[in-house]
Amino acid sequence: MQVLLVGAGLSGAVIGRRLAEAGHEVRIIDSRSHIGGNCYTERDTETGVMVHTYGPHIFHTDDAEVWAYVNAFTRFMPYENRVKTTSQGAVYSLPVNLHTINQFYGKTMRPDEARKFLEEQADTSIEEPQNFEEQALRFVGPDLYAAFFKGYTEKQWGCSPRELPASILKRLPVRFTYNDNYFFHKFQGMPENGYTPMIEAILDHENITISLETSFTPDMATEADHVFYAGPLDGYFDYQLGRLGYRTLDFEKFSDTGDYQGCAVMNYGDREVPWTRITEHKHFSPWEEHEGTVCYREYSRAANPEDIPYYPIRMVDEKALLGDYVKLAEASSGVTFVGRLGTYRYLDMDVTIREALDTAAAFLACQRTGTAMPAFLKPPL
Ligand code: UDP
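Below: a short report on this structure. By convention here, each chain's residues receive numbers from 1 onward along its written sequence. Per-residue local features are limited, in this predicted model, to residues with pLDDT of at least 70; the limit for side-chain atom pairs, both in listing and counting, is 80 or more; totals at the level of whole chains, interfaces and linings are taken over all residues. Calculated side-chain values reflect all of the structure's heavy atoms, with hydrogen atoms and water omitted.

**Focus on helix α5 (residues 132-139)**
In an α-helix, one full turn covers 3.6 residues, which means residues spaced three or four apart are oriented alike. Worth spelling out the cut-off: Throughout, exposure labels follow a simple rule: accessible area from a 1.4 Å probe, protein chains only, divided by the maximum for the residue type, with under 20% read as buried, over 50% as exposed, and the rest as partly exposed. Here a strand is any run of E in DSSP of at least two residues, a helix any run of H or I of at least four, and the numbering for each starts at the N terminus. Contacts are residue-level and defined by heavy atoms, with any inter-residue pair within 4.5 Å sufficient. What qualifies as a polar contact is a pair of N or O atoms within 3.5 Å, subject to a donor-acceptor requirement within protein and to the restriction that residues adjacent in sequence count only when both atoms come from side chains.
All of the buried residues along α5 are F132, E133, Q135, A136 and L137. Against the buried residues of α5 lie α6 (141-157). Regarding α5, its N-cap is N131, as a side-chain oxygen of that residue lies 3.0 Å from the backbone nitrogen of E133 further along. One or two residues past the end of α5 sits G141, with phi positive at roughly 85°.

**Section: the sheet that holds strand β16 (residues 311-312)**
The cut-off we apply is this: At least two DSSP bridges between two strands are required for those strands to pair.
Strand order in the open sheet formed by seven strands is β8-β7-β13-β14-β15-β12-β16, and the pairing between neighbours is mixed. Two strands close off the open sheet at either side, each with one partner strand: β8 (90-93) and β16. Bridging between strand β7 (residues 84-87) and β8 involves four bridges; their strand directions are antiparallel. If you follow T86 over to β8, its bridge partner there is V91.

**Considering the pattern of salt bridges**
Going by this rule: Criterion for a salt bridge: a side-chain nitrogen of Lys or Arg within 4 Å of a carboxyl oxygen of Asp or Glu.
Applying the stated rule across the entire model yields 22 salt bridges. The closest approach of N and O atoms between R277 and E298, which form a salt bridge, is 3.0 Å. Of this pair, R277 sits in strand β14 (residues 277-280) while E298 sits in strand β15 (residues 292-302), and the two are 21 residues apart along the sequence. Put simply, R354 and D358 hold a salt bridge, and the shortest N to O gap is 2.9 Å. Of this pair, R354 and D358 both sit in helix α12 (residues 349-369), four residues apart, which is roughly one turn of that helix. Salt bridges sharing partners connect three or more residues here, namely D63, E65, R354 and D358.

**Brief notes about the packing of aromatic side chains**
How we decide: Stacked, tilted and edge-to-face pairs are distinguished by plane angle, under 30 degrees for stacked and over 60 for edge-to-face with tilted covering the rest, among Phe, Tyr and Trp rings (Trp via its six-membered ring) whose centres lie within 6.5 Å.
With the rule as written, the count across this model stands at 30 aromatic pairs. Residues W157 and Y311 carry aromatic rings whose centres are separated by 5.7 Å and whose planes lie at 65° to one another, so their mutual orientation is edge-to-face. In this pair, W157 is assigned in helix α6 and Y311 in strand β16, connecting sequence segments 154 residues apart. Judged by relative accessible area, W157 falls into the buried class, the value being 12%. Relative to Y344, the ring of Y246 lies with its centre 5.1 Å away and its plane at 90°, an arrangement referred to as edge-to-face.

**Quick look at the pairing of strand β2 (residues 25-29)**
For clarity, the threshold we go by: A clockwise course of the path from the first strand over the helix to the second, judged with the strands pointing away from the viewer, identifies a crossover as right-handed.
Two elements, strand β1 (residues 2-6) and β2, share five bridges in a ladder whose sense is parallel. Each residue of the ladder has a partner; that of V6, found in β2, is I29. At this point the chain moves from β1, through helix α1 (residues 10-21), to the parallel β2, and the crossover so formed is right-handed. Here β2 runs beside strand β10 (residues 208-211); their pairing, made up of four bridges, is parallel. Its bridge partner being in β10, I29 is matched across the sheet by S211.

**Here we look at the packing of helix α3 (residues 98-105) against helix α4 (residues 111-121)**
Helix-helix packing is described using two parameters, namely the angle between the two axes and the distance between the axes. Threshold: Lines fitted to the C-alpha atoms define the axes, with helices restricted to the stretch that makes contact. Angles between their N-to-C directions range from 0 to 180 degrees. In this scheme the handedness of a crossing depends on how the near helix is turned from the far one: anticlockwise by less than a right angle means left-handed, clockwise means right-handed. In this classification, Asp, Glu, Lys and Arg are treated as charged, Ala, Val, Leu, Ile, Met, Phe, Trp, Tyr, Cys and Pro as nonpolar, and every other residue, Gly included, as polar.
α4 packs onto α3 with a crossing angle of 65° between their chain directions and a minimal axis gap of 11 Å. The handedness of the crossing between α3 and α4 is left-handed. Contacts between α3 and α4 pair L98, I101 and Y105 from the former with P111, A114, F117, L118 and Q121 from the latter. In the contact of α3 with α4, the residues fall into seven nonpolar, one polar and no charged.

**A closer look at helix α10 (residues 316-331)**
Heads up, the condition is: Here the expected length of a helix is defined as 1.5 Å per residue gap, with one fewer gap than residues.
Under the 1.5 Å per step criterion, the end-to-end length of α10 is 23 Å for 16 residues, consistent within 8% with the ideal 22 Å. Of the surrounding secondary structure, the elements contacted by the buried residues of α10 are α9 (233-236) and β17 (335-337).

**Details of the site of the ligand**
Inclusion rule: A cutoff of 4 Å decides nearness: a residue is near a molecule or strand if any of its heavy atoms lies inside that distance of it. Surface accessibility in these figures is a Shrake-Rupley result with a 1.4 Å probe; residues are shielded only by whichever protein chains are displayed.
Around the ligand, the surrounding shell holds 16 residues, and the nearest of these are R171, Y182, N267, Y311 and Y346. T153 is positioned such that a nitrogen or oxygen atom in its side chain is 2.9 Å from an oxygen atom of the ligand. Here the ligand, which alone exposes 520 Å², has 93% of that area covered by the protein. The element contributing the most residues to the shell around the ligand is α6, with six residues.

**Comments concerning the sheet that holds strand β5 (residues 59-61)**
Sheet architecture is open: three strands sit in the order β5-β9-β6, paired in antiparallel fashion. Strand pairing shows two members of the sheet lacking a second neighbour, β5 and β6 (76-78), which therefore form its edges. Strand-to-strand twist of the sheet, defined as the mean angle between neighbouring strand axes without regard to direction, takes the value 40°. Pairing between β5 and strand β9 (residues 187-191): three bridges, direction antiparallel. Within the sheet, the bridge partner assigned to T61 lies in β9 and is F187.

Here is the structure:
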């Protein structure tokens, strides 16, 4: 069978590899001049620092199969993400943990004391938080919310946290220990030479051909037996119902010598500081040594049509439009929508790989049973 994959990021690479191994002829196209999608990394020519070109990507998962999968294609080095935040003239540790709480309130509380103390701060009249702000007020109270979440979230999403779903905050835990590892997953690491060689290795199969700087056109679909589309869902339908909203990021790159900030990620909680965070890329590869350093100041704003889409907004209006596009997609045949843009969801890398492996398995099962491959592995609403 001839299979066309649109997008040479993680979804395209993982699905393509599985189908190539099963004997299918796989063609992968990407409109960019490189593979890897937003996971793309490259060395800065001046300093030699490995740069996460489209912003920081830290691999973390509880999924042993996904961890084994990525480790089969590249060597992962131990890496734990320890994020700091600058707020109201001081530096604190994130996610909110016992150190953050004690530092913020100038106290020396033990875990149970801190738990009780935060319960006293929390707004217990909110029984079922309906939005991001209520979720924060219910679990950390007004002081920590104002210092660490309100300003950052307004900058990141460009709206009031009252308009955002509570689920966004659920990504961030509150810990009553001194564990300041940003992620709580069993497996965590960083590929020794960045993500690009890992994805190159996944794509390295005799049944795979790759065409870069090649945009998808509908006639390509007629030449293929099946299309896996990892581009924007609304883009596939030529935006005929309107555009799904995204936040895009602007990175202001600057170089220096030595160590600029002493950590990989420094968030900025104050609304008055226009950027959300600064990433210092050499700290993502702590096993390397470089005299120079490369940093990105990161700004978030609404994406215009020509911008790179990063975060799906998924508020009430977008969800209604998404529902309409899902109906269009489900009425189409011969195409399956995959990945962050294809399913309009904010996906971590490990989930993207898990879904790609499951999508490939579902496709192969459909081939065996002679059934039609659906438009989505699971509906993205
Ligand atoms: N967030 C916040 N303050 C921070 C970091 C995150 O309020 O210092 C909120 C913000 O709304 C963000 C969400 O928590 O969108 C999820 O944060 P995460 O670090 O997972 O975002 P990512 O690094 O994936 O952009």
